[in-house]
Amino acid sequence: MRRFLLLTFVMIAGTCRLSAQITDWSLSIGVRGSYTTSSKVFANPDSPSPDVRSQYLDFSNIYGGGIEFRFKNPDDNFFISLSVEYLSKRQGQSQLTALTTPARRVDVTDGFRLIPVELGANIFIPLGSEKVRMAMGGGLGLYYGQRILSVAGTNARQQNKPVSYGIHVESSFDYRIVSWISVRAEMRFRDPEVTTENQFEENTVLVNGVSVRLPQNSFRTKINVNGLSFGLGVVFDIF
C-alpha cells in the first residue's frame, strides 16, 4: 500500500507541476458516483489445469465513487485528467466450500476492493455550444486491489500489496448549469488484473459445534475488473 500511495503521489505531483508551469491553464474538479457492470475473481490462477485456471466467480453491479481533476489550456480543446476512484463489491451466502477440510456448507463472505488512479490525455469535441461539451480520450492507470474473504467468521488476511498497470479509454458529456457548475455523465473502460495473496488468521473454525480445518498456506487470487464503468457527478470550475 505504501508503494501504491507513493506512485499515486508522483502522478498527482507531476500533473500539478505541469499545471504550475503553464499558469494560464484552467482547473476543474469533478465528484462522481460510479457503476461498473461486471468483474471476475479467479480462485485458482496458478493451477496447471487450464479448465481449473479459467474458472471464476462473477461479481456484477459494482458501485463506487471518485474524484477527477482536469487541467485545460483555454486556447485549445486539449486537457489532462487525473482521477482517483474506489470500487468495492462483496456478497455473503451459505455455501459448500472446498476451503474447509472436510468440505462443508458454511457462511462465506467473498469480494474485493479496487482503487484505480488514472492519468489521461483527452480532447473536447467541438459541438458549437457553450452549455454542452463532449470529450474523448484515454491514458494510463495504476490499480491497487484487495481480496475480501471470510469463512465462518474467520478472515483471510492479505499478505501482499499488489499494484498493476494498464490503460483506459473514456468519454464524457458535460451540461453546464451555471458558469462554474456542470453535470457530467461518463463512460469508461478498463481491464486491470490484480493478483493477491491471502492467508487465514485461524487454522480451524467451528461449524455447528464441529471443528473444521482451514488452509494453513497462503493462496493466490486474480481479480479482473473488465466491465464498463458509468459515472454521474458534478463538476466545479475552480479557475
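Structure shown above.
Remember, predicted model here, so these are calculated numbers, not experimental data. (Residues numbered from 1 in each chain as written. Predicted model: local features only at pLDDT ≥ 70, side-chain atom pairs only at ≥ 80, totals over all residues. Heavy atoms only, no water.)

### Things to note about the overall build of the protein chain
Within the protein chain, the secondary structure is distributed over two helices and 13 strands. A buried classification covers 41% of the 239 residues belonging to the protein chain. In the protein chain, the share of contacts with a sequence separation of at least 24, taken over all contacts with a separation of at least 6, comes to 71%. (Helix = DSSP H or I, 4+ residues; strand = E, 2+ residues; numbered from the N terminus. Buried < 20%, exposed > 50% of the residue type's maximum accessible area, 1.4 Å probe, protein only. Contact = heavy atoms within 4.5 Å.)

### With respect to the environment of Leu142
Turning to its location among the elements, Leu142 is positioned in strand 5 (residues 132–151). With 58 residues separating them in the primary sequence, Leu142 and Val84 have C-alpha atoms 9.6 Å apart.

### Notes on the side chain of Ser47
Along the chain, the position of Ser47 falls in the loop between strand 1 (26–42) and helix 2 (50–53). By relative accessible area, Ser47 is classed as buried at 15%. Of the polar contacts made by the side chain of Ser47, one reaches the backbone nitrogen of Ser49; its length is 3.2 Å. Not counting residues up to four positions away in its chain, the partners in contact with Ser47 are Val52 and Arg53. (Polar contact = N/O pair within 3.5 Å; in protein donor to acceptor, adjacent residues only side chain to side chain.)

### Regarding the packing of aromatic side chains
Counting across every chain of the model gives six aromatic pairs. Ring geometry for Tyr35 against Tyr63: centres 5.3 Å apart, planes inclined by 50°, an arrangement best described as tilted. Linking Tyr35 in strand 1 with Tyr63 in strand 2 (residues 57–72), this pair joins segments that are 28 residues apart in sequence. Each ring, one from Trp180 and one from Phe236, has its centre 6.2 Å from the other, and the planes form 35°; the classification is tilted. Separated by 56 residues along the polypeptide, Trp180 in the loop between strand 7 (163–178) and strand 8 (181–190) and Phe236 in strand 13 (residues 228–237) bring together distant segments of the chain. You can call Trp180 partly exposed: its relative accessible area is 45%. Among the residues examined, Phe236 registers a relative accessible area of 31% and is labelled partly exposed. (Phe/Tyr/Trp six-rings, centres within 6.5 Å; stacked < 30°, edge-to-face > 60°.)

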